[in-house]
Amino acid sequence: MKLLKKLIPILEWLPNYRKSQLRGDVVAGITVAIVLIPQGIAYALIAGLPPIYGLYAALVPQLMYAVFGSSRQVAIGPVAMDSLIVATGVSTLALIGSESYIAIAILLALLVGGIQFLMGIFRLGFIVNFLSRPVIIGFTSAVALIIGLNQFRNLLGVEFLQSDQIHILLEDIIARFMYFNTPTTIIGIIACIIIMIFRKINKKIPNALIVVVLGIVAVRYFGNHFSEVAIVKDIPSGLPKFVMPVIDIALIRELMPIAGTLVMVGYLETISIGKTLEVKQDEYRVRPNQELVALGLSNIVGSLFQSYPSTSSFSRSAINEEAGGTTGVSAIVSAIIVVLTLLFLTPVFYHLPKTILAAIIIVAVFNLINVKEAKRLWKANNLDFWLLVATFFSTLIFGIEYGIVMGVGLSLIVLIFRTSRPYVTELGKVPNSDFYRNKNRFNEVEIDKEVLVFRFDAQLFYANASYFRDTLEEMTEEKGEALKLIVLDAESINRVDSTGIEMLKERIKYYNKRGVEFYLAGVKGPVRDAFFRGGLLDIISINHLFMRVNGAVNFFKTGDNQNQKKYAQYIHQAYE
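Quantities reported herein were computed from a predicted structural model and do not represent experimental measurements. (Residues numbered from 1 in each chain as written. Predicted model: local features only at pLDDT ≥ 70, side-chain atom pairs only at ≥ 80, totals over all residues. Heavy atoms only, no water.)

Moving on to the pairing of strand E5 (residues 451-456). Burial of E5 is extensive: five of the six residues sit out of reach of the surface. Across four bridges, strand E3 (residues 424-429) lies against E5 in antiparallel orientation. The partner of Leu427 across the bridge, within E5, is Val453. With five bridges joining them, E5 and strand E6 (residues 485-489) adopt parallel strand pairing. (Buried < 20%, exposed > 50% of the residue type's maximum accessible area, 1.4 Å probe, protein only. Helix = DSSP H or I, 4+ residues; strand = E, 2+ residues; numbered from the N terminus. Pairing = 2+ DSSP bridges.)

As structure tokens, then:
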């Protein structure tokens, strides 16, 4: 039963559901639905799909996540970023809005869900660790800017080009900006202002619903003044039907790059939001691999009911938590309201101006452009700042798909750089004590000309073995002919591979030939195991392994150390 609860998290919290939670969940569910319905319609337009498909994506996926998701507050459904990625990828294969375009978008949801589900089953959630926070922020900020600029066509009533490359967007906007439709632009700008005002007053105010109602009323009752304003028009009523996506192997191969992007972006969004909400309570813990399974099932089952790829929403998840949602019941309430909308309320949206939807999207996504974090990184970590900037501009210039690839590539390059050139320093003795500390940070430490004590702050493996050797050589050259002993403080070395061991053996032999002793101090058990298996004891005495640096230096100076004898005896017995 415990395993079943782990696989299906709703079985863990539903039997323990309390009546005191119901009010908060119902209020949160209604509040999220009020935001979700206009957003769903708007995001479907970003994806190049008819508005009804935004509501389809808001229905089944969030029900599946409520059952299988490890977070009880994350809100699943259509989002702006994924919608633009869908439009970018699918528009190269079919005409936007056509039947084949819709079929490909639904097939893409099945493909994305299948990949996510398999990654969860095989516990591949660790892959997300290769995308650092600066890369995520740079990528999301760039995508937010691209999404916002793409909505200028609806905001201003001008048929600008749609693209995920900023230079193409800006060139077209600048060339055709003066052809804006005045009534459309006025409505859109007023809607933006109203949303921003309400957001400043209180984020709980359903600003999206307010501007939607105002827009519908304005066009419905004052239509003569707004005849040139583009409206949503007919949205079909009824629930989505069960339809099996058409499986086309050749098409799937073409969709794989965009599916991979959606998998990474969707998972990153969900984990980021889930972890943020997790720290605010102590009822549950987010499990990365279970999140992949939940997202996968949401997209797989959603695709069977005509949903395009969906994931978690930053804004709606925050609203859910702020409104008092504590369990998946709030998602079920939201789904019920979407069902009622699909059955009875779609005609209400007939007169909804598209410029209102554009205003909702623009204000929402521009808040994702994180200038504050860029400023902080500029002061705190220069390398991370340039990583953010590089990801941001590569996404803007080369497009979303290449932006995420560049982000992963840059993260790996930085990871390799940092692990291949770790911090190495010489240690000196703190006066009147047995402690050794970094000579560059503690000016008062004593440095013995005959002894080099150095610390290596990383695992010792193939990527940094040469750096270890070269840095040690530089330190020994500084000491000169007076050097008689080298002590490696290995407390910070948590892993070693065969390349590192062979390099260390070669260095010990080299320095022994020059008349310089080589001792090791503070070696961790697993590292010591690897050293011994690698044949280190063939070239170094077990008596030259010490518990602490001070013991190594004292042994060299006096030739007698009772603690060292006990330590060597203990190691010898352990490995007999």
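This next bit is on the domain arrangement of the chain. Assigned domains of the chain: these are domain 1 (27-415) and domain 2 (424-572). Between domain 1 and domain 2, the C-alpha centre-to-centre distance is 54 Å. (Domains from an automatic or database assignment.)

Looking now at the packing of aromatic side chains. Applying the stated criterion across every chain, the model contains 15 aromatic pairs. Taking the centre distance of 5.1 Å and the plane angle of 75° together, the rings of Phe385 and Trp386 count as edge-to-face. A relative accessible area of 14% places Phe385 in the buried class. Site record: aromatic cluster; members linked through ring pairs are Trp378, Phe385 and Trp386. Across the ring face of Tyr221, the terminal group of Arg220 is positioned such that the distance to the ring centre comes to 5.3 Å. (Phe/Tyr/Trp six-rings, centres within 6.5 Å; stacked < 30°, edge-to-face > 60°. Lys NZ or Arg CZ within 6 Å of the ring centre and 35° of its normal.)

Glancing now at the sheet that holds E6. Spatially, E4-E3-E5-E6-E7-E8 is the arrangement adopted by the six strands of the open sheet, whose pairing is mixed. Among the strands making up the open sheet, the edge pair consists of strand E4 (436-438) and strand E8 (545-546). Sitting on the sheet, helix H21 (residues 465-479) touches E3, E5, E6 and strand E7 (517-521), and the angle it makes with E5 is about 155°. Its contacts with the sheet put helix H24 (residues 549-558) on E3, E4, E5, E6, E7 and E8, and the angle it makes with E6 is roughly 165°. (Contact = heavy atoms within 4.5 Å. Axes fitted to C-alpha atoms, helices over the stretch in contact; angles between N-to-C directions.)

Right, let's get into the side chain of Gln73. Mapped onto the fold, Gln73 is located in the loop between helix H5 (60-68) and strand E1 (76-77). The class of Gln73 is buried, set by a relative accessible area of 7%. Within the structure, the side chain of Gln73 is placed 3.0 Å from the backbone oxygen of Gly325, a separation counted as a polar contact. Look past the residues within four positions of Gln73 in its chain and what remains in contact with it is Leu277, Gln281, Tyr284, Ser317, Asn320, Glu321, Gly325 and Thr326. (Polar contact = N/O pair within 3.5 Å; in protein donor to acceptor, adjacent residues only side chain to side chain.)

Looking now at unusual backbone geometry. Backbone geometry places Arg123, a non-glycine residue, at a positive phi of 55°. Tracing the backbone shows Arg123 in the loop between helix H7 (99-121) and helix H8 (133-150). Phi is positive for Gln306, close to 65°, though the residue is something other than glycine. Inspection of the secondary structure assignment puts Gln306 in the loop between helix H14 (288-304) and strand E2 (311-312). Of the residues examined, Gln306 reaches a relative accessible area of 16% and is grouped as buried.

For Ser98, the location among the structural elements is in the loop between helix H6 (80-90) and H7. A distance of 2.6 Å separates the side chain of Ser98 from the backbone oxygen of Leu95, its partner in a polar contact.

This part is about the pairing of E6. Counted residue by residue, E6 has five buried out of five residues, so it is predominantly covered. Here E6 shows a buried face lined by Leu485, Val487 and Asp489 and a second buried face lined by Ile486 and Leu488. Following the backbone out of E5, through H21 and into the adjacent parallel E6, one traces a crossover that is right-handed. Pairing of E6 with E7, which is carried by five bridges, proceeds in the parallel orientation. Considered in E7, the bridge of Asp489 is made with Ala521. (Right-handed = clockwise from strand over helix to strand, strands pointing away.)

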